[in-house]
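Analysis of the macromolecular model
Take a look at the letters that make up each chain.
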Amino acid sequence: MDSDARWAEGARQFQQIFGDSWAKALQSLQPVDLGALSAATQPHAPVQFDAEQLAALQKQYVEEMRALWAEGLQNPPAVSDRRFSGEGWTQNPMAAFSAAAYLLNARTLMGLADAAQGDDKTRARIRFGVEQWIAAMAPSNFLAFNAEAQKKAIETQGESIAKGVANLLHDLRQGHVSMTDESLFEVGRNVATTEGAVVFENELFQLIEYKPLTAKVYERPFLMVPPCINKYYILDLQPENSLIRHAVSEGHRTFVVSWRNPDASLAQATWDDYIDKAVLQAIDTVQQISGAPQINALGFCVGGTMLATALAVLAARGEKPVASATFLTTLIDFSDTGILDVFIDEAFVRLREMQMGHGGLMKGQDLASTFSFLRPNDLVWNYVVGNYLKGETPPPFDLLYWNSDATNLPGPYYAWYLRNFYLENNLVQPDRLTVCGESLDLGRVDLPVYIYGSREDHIVPIRAAYASTQLLPGKKRFVLGASGHIAGVINPPAKKKRSHWIRSDGKLPATLEQWQAGATEHAGSWWTDWSAWLASHAGKQVAAPKGYGKGAKYQAIEAAPGRYVQQKA
C-alpha cells in the first residue's frame with residue numbers, strides 16, 4: 001500500500017471513531033512526505049530470522065496468551081505501563097484485558113524484530129519501524145478503546161469531546177501538535193528575557209551583546225554559538241535556568257549568535273556560508289567590539305560542530321582568535337550517531353541532495369517531527385491522547401514551547417551536512433574537507449577545550465560526545481552529566497538536580513568505559529565546574545562596559561532578543 005493509500009485508510013478509520021467533521025478536517029491535510037523516510041528505513045536485503053529464536057518466541061507467546069485468556073475478563077493482569085494506569089483502565093475489565101493483550105503482542109513483535117538476522121543497520125531499521133508501529137497502535141490512542149477518555153467523556157457530559165475537537169482544529173490550523181499551552185509564552189516577554197541588545201546583523205544571524213550584571217568583567221569576552229536548527233533561547237528560557245544569564249552573572253562579557261529563520265531568500269545558503277558569514281564573522285565582530293586579541297567560545301549541538309569547523313579553518317590560516325572552546329553535546333566524530341543512523345545511507349543522502357542540494361529549504365516542522373518520533377510515546381501519542389481524546393490543555397512548559405518553535409534550514413547546507421558528517425564522517429579525516437577555501441585538520445586545533453556529554457542523550461550518544469576527547473590535541477576536560485540532550489545541559493545549580501561525573505586525575509583513556517572506571521559522581525549541576533574552568537581561561541577582570549557595541553560601527557540596533565528569533569518557520 002503506497003503512502004496516499006495508507007493516509008486514506010487512516011482517514012477512513014479516523015472517521016469511524018470521531019465522525020465526519022473530524023475526518024474532513026483530517027483529509028484536508030496533505031499526507032506527510034514518506035518517500036525519504038521509506039527510502040531511509042526499509043531494509044535493502046531480504047530479512048531472515050533465527051529459527052531457534054522464532055520457535056522460543058512462538059512458544060512463549062502461546063503460553064502467555066493462554067494464561068491471559070485463562071484469567072479472562074474476570075481477573076485481567078495488572079499492567080505497569082503508564083498509558084494504562086488510570087482508573088478507567090484498572091476498573092474496566094475489558095479495557096484492562098485489551099491493554100494486557102496489546103502489551104503481550106508488543107513484546108512479541110519486538111522479539112521478532114530482535115530475531116531478525118542481518119547487518120546492524122538493517123536490524124536497527126527493523127526495530128525502529130516496529131517500535132513506531134507499536135506506539136501508533138496502542139489502544140490508548142483510539143477513543144473506541146481508551147477507557148480513561150470514555151470515562152472522562154461521561155463525567156463531563158461530552159465536554160471533553162467537544163474540547164478535544166477544538167484542540168484538534170486549533171492544531172490543524174497551527175500545523176503541529178501542541179505540547180504546551182503556547183498562548184502563555186512570548187519571546188522577549190517571559191522567555192529570552194536577559195537584557196541585551198543586537199549589535200550586528202547580516203543575512204544569516206544577529207549578534208546579541210548582554211548587559212553586564214557585575215561591576216567588572218573578564219577581559220576575554222565570551223561567545224555562544226547555539227544550534228541553527230533551533231532558536232537560541234534554549235540557553236535563555238527563564239532567569240532561573242538561563243545559561244546565558246549565568247555566564248553574565250559570573251562576570252563574562254557575553255555575546256550570543258541568534259540565527260535567522262531561513263526563507264526563500266536563503267534557499268541557496270551553504271555550509272561554507274554559515275561558517276564564513278556567521279561563525280567566523282561573529283568571532284571577528286566580538287574581537288572588534290571588545291578589543292580583545294582572543295575570546296572564549298561555546299558551541300551547543302550543531303553549533304558545536306560548526307564551531308569546531310570554524311576553529312579548523314582558523315587553524316589552517318595560522319590564526320588563533322579563540323583562547324578556549326566549550327562543546328556541549330556536540331558531534332565532531334560521527335562514527336556513532338545513535339538512533340539517527342537508521343535514516344542515513346547513500347540512497348537517502350542522494351535523495352536529499354537531489355531534492356534540495358542546489359536550492360530549497362528543509363522545513364522546520366519536518367525536522368521537528370523527525371525528532372519527536374524518535375520518542376513517539378512521550379512526544380507524539382501522549383499529546384494526541386491528552387489533547388484530542390481527553391480534551392485537556394497541556395500544562396505550560398517553557399522547554400516544550402521552545403521545542404515547538406521550529407526553524408528551517410537551507411537545503412544546500414542541510415544536504416552537505418548529511419553527506420560530509422553523518423554519512424562520510426569527513427571532519428575527523430585530516431585534509432579530507434575543504435571549507436572556506438581551507439583544508440581542515442582537527443589535529444591543528446590546539447587550544448584548551450571543555451567537553452560535556454549527557455548520559456541519556458539520544459541525539460548525541462554519550463560515546464560520541466566522549467570521542468571528541470580523542471580528536472583534539474589541546475588540553476581537555478570531559479564531564480559526564482545525567483539526563484538527556486536538553487535537560488542535561490539546562491541544569492542550573494540552584495535546582496540541585498541530577499549529577500555529573502568527573503575524573504580528578506584528568507586522564508582521557510581511549511574509551512568512555514575506561515574513563516568512567518576512574519570517574520567520581522558529584523551531586524547537582526556541572527555548571528559550577530564549567531564556570532571555574534571558563535574563569536581560568538578568561539584573563540584578568542576589567543571595568544564592565546557602560547554601553548553596547550563600540551563606536552559608530554557597532555551600535556545597538558534593537559533590544560534583545562531581536563527580530564530574527566521572532567521569525568516563524
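The structure displayed is predicted, hence computed values, not measured ones.

With that settled, consider the overall build of the protein. Within the protein, the secondary structure is distributed over 20 helices and 19 strands. Taking 25 Å as the expected radius of gyration for a compact globule of 569 residues, we find that the protein reaches 26 Å, a close match to that expectation. If you line up the protein on its principal axes, its C-alpha atoms span 75 × 55 × 50 Å. Counting every position in the protein, which comprises 569 residues, the buried fraction comes to 52%. Carbon and sulfur atoms make up 53% of the accessible area of the protein, which totals about 25,000 Å². If you average the places of the 52 positive and of the 60 negative side-chain charges in the protein, the two averages end up 5 Å apart.

Take a nonpolar patch on the surface next. A cluster of nonpolar side chains, contributed by Val47, Phe49, Leu54 and Leu112, occupies part of the molecular surface with about 260 Å² of accessible area. Tracing the backbone through its elements, the reader meets Val47 in the loop between α3 (35-41) and β1 (48-49). For Val47, a relative accessible area of 30% corresponds to the partly exposed category.

With that out of the way, let us pick up the UniProt feature "domain: Poly-beta-hydroxybutyrate polymerase N-terminal" (unreviewed entry) in the protein. Here the UniProt-annotated "domain: Poly-beta-hydroxybutyrate polymerase N-terminal" (unreviewed entry) positions come out as residues 81-246. The distance from the first to the last C-alpha atom of residues 81-246 is 39 Å, and the span holds 44% helix and 13% strand.

On to helix α11 (residues 271-290). For an α-helix, the turn length of 3.6 residues means that residues three or four places apart are oriented alike. The end-to-end C-alpha separation of α11 is 27 Å, in line with the 28 Å expected for 20 residues at 1.5 Å each. Gln281 marks where α11 bends most, by close to 35 degrees. Where α11 is concerned, the buried positions are Trp271, Tyr274, Ile275, Ala278, Val279, Leu280, Ala282, Ile283, Thr285, Val286, Gln287 and Ile289. In the stretch just after α11, Gly291 is the one whose phi turns positive, near 75 degrees.

Taken as a whole and assessed by the stated rule, the structure comprises 0 disulfides. Cys228 supplies the cysteine sulfur nearest to Cys301, a cysteine that is in no disulfide, at a spacing of 9.2 Å.

Moving on, we get to the environment of Trp271. Checked against the element boundaries, Trp271 lands in helix α11. Taking relative accessible area as the criterion, Trp271 reaches 1% and is therefore assigned buried. Expressed as a C-alpha distance, the spacing of Trp271 and Ala415, which sit 144 residues apart in the sequence, is 9.2 Å.

Overall, mixed pairing links the 11 strands, which are arranged β17-β16-β15-β14-β9-β8-β6-β7-β4-β3-β19 in an open sheet. Since the sheet does not close on itself, it has two edges, and those belong to β17 (520-523) and β19 (558-559), each with one partner. For strand β3 (residues 196-201) and strand β4 (residues 205-210), the ladder comprises 5 bridges, and the chain directions are antiparallel. Each residue of the ladder has a partner; that of Gly196, found in β4, is Tyr210. Of the strands in this sheet, β3, β4, β6 (222-225), β7 (254-259), β8 (295-300) and β9 (322-328) are in contact with α11, which crosses β4 at around 25 degrees. Running over the sheet, helix α20 (residues 527-535) touches β6, β8, β9, β14 (449-454), β15 (476-481) and β16 (499-502) and is turned about 165 degrees from β9.

Time to look at the packing of helix α12 (residues 302-316) against helix α17 (residues 411-423). Any two packed helices are characterised by how steeply their axes cross, that is the angle between the axes, and by the distance between the axes. It is at 14 Å that the axes of α12 and α17 come closest, and there the two elements cross at 75 degrees. Looking at the two axes, α12 sits roughly perpendicular to α17. For the pair formed by α12 and α17, the contact residues are Val302, Thr305, Met306 and Thr309 on the first element and Tyr413, Tyr417 and Phe421 on the second. Here the residues of the contact of α12 with α17 sort into 5 nonpolar, 2 polar and no charged.

Right, let's talk about the pairing of β9 for a bit. The buried fraction of β9 amounts to 7 of the 7 residues, a majority that puts the element mostly inside the structure. Judged from the 6 bridges that link them, β8 and β9 form a sheet pairing that is parallel. Bridging across to β9, Phe300 finds its partner in Leu328. Bridging between β9 and β14 involves 4 bridges; their strand directions are parallel. Counted as the bridge partner of Leu328 is Tyr452 from β14.

Moving on, we come to the packing of aromatic side chains. Per the stated rule, a full pass over the model turns up 31 aromatic pairs. Seen in terms of ring centroids, Phe222 and Trp530 are 5.8 Å apart; in terms of plane orientation they differ by 50 degrees. Their pairing is tilted. Of this pair, Phe222 sits in strand β6 while Trp530 sits in helix α20, and the two are 308 residues apart along the sequence. Residues Phe222 and Trp530 agree in their burial class; the two are buried. Measuring from centroid to centroid gives 5.6 Å for Trp271 and Trp416, while their planes differ by 20 degrees, and the two rings are stacked. Of this pair, Trp271 sits in helix α11 while Trp416 sits in helix α17, and the two are 145 residues apart along the sequence. Aromatic ring contacts, followed pair by pair, group Trp259, Trp271, Tyr274, Phe334, Tyr413, Trp416, Tyr417, Phe421 and Tyr422 into a single cluster.

Turning our attention to the pairing of β4. Within a regular strand, side chains alternate between the sheet's two faces. With 6 of 6 residues buried, β4 lies mostly within the body of the structure. Side-chain alternation along β4 places Phe205, Leu207 and Glu209 on one buried face and Gln206, Ile208 and Tyr210 on a second face that is also buried. A loop of 3 residues connects β3 with β4, the two strands running antiparallel in sequence. The sheet contact formed by β4 and β7 spans 5 bridges and is antiparallel. Of the residues in β7, the one forming a bridge with Gln206 is Ser258.

What counts, and at which threshold
- Residues numbered from 1 in each chain as written.
- Predicted model: local features only at pLDDT ≥ 70, side-chain atom pairs only at ≥ 80, totals over all residues.
- Heavy atoms only, no water.
- Helix = DSSP H or I, 4+ residues; strand = E, 2+ residues; numbered from the N terminus.
- Rg over C-alpha atoms; globule rule 2.2 N^0.38 Å.
- Buried < 20%, exposed > 50% of the residue type's maximum accessible area, 1.4 Å probe, protein only.
- Areas by Shrake-Rupley, 256 points an atom, 1.4 Å probe, with all protein chains shown as cover.
- Lys, Arg positive; Asp, Glu negative; His and termini not counted.
- Charge placed at Lys NZ, Arg CZ, Asp CG, Glu CD.
- Patch = residues over 30% accessible without salt bridge, like charges linked within 9 Å, V, L, I, M, F, W, Y side chains within 5 Å.
- Salt bridge = Lys/Arg side-chain N within 4 Å of Asp/Glu carboxyl O.
- UniProt positions renumbered as here; feature names shortened; annotations may be inferred.
- Expected span 1.5 Å × (residues − 1).
- Bend = angle between axes of the 7 residues up to and from the residue.
- Disulfide = S-S within 2.5 Å.
- Pairing = 2+ DSSP bridges.
- Contact = heavy atoms within 4.5 Å.
- Axes fitted to C-alpha atoms, helices over the stretch in contact; angles between N-to-C directions.
- Parallel < 35°, antiparallel > 145°, perpendicular 65-115°, else oblique.
- Nonpolar A, V, L, I, M, F, W, Y, C, P; charged D, E, K, R; others polar.
- Phe/Tyr/Trp six-rings, centres within 6.5 Å; stacked < 30°, edge-to-face > 60°.

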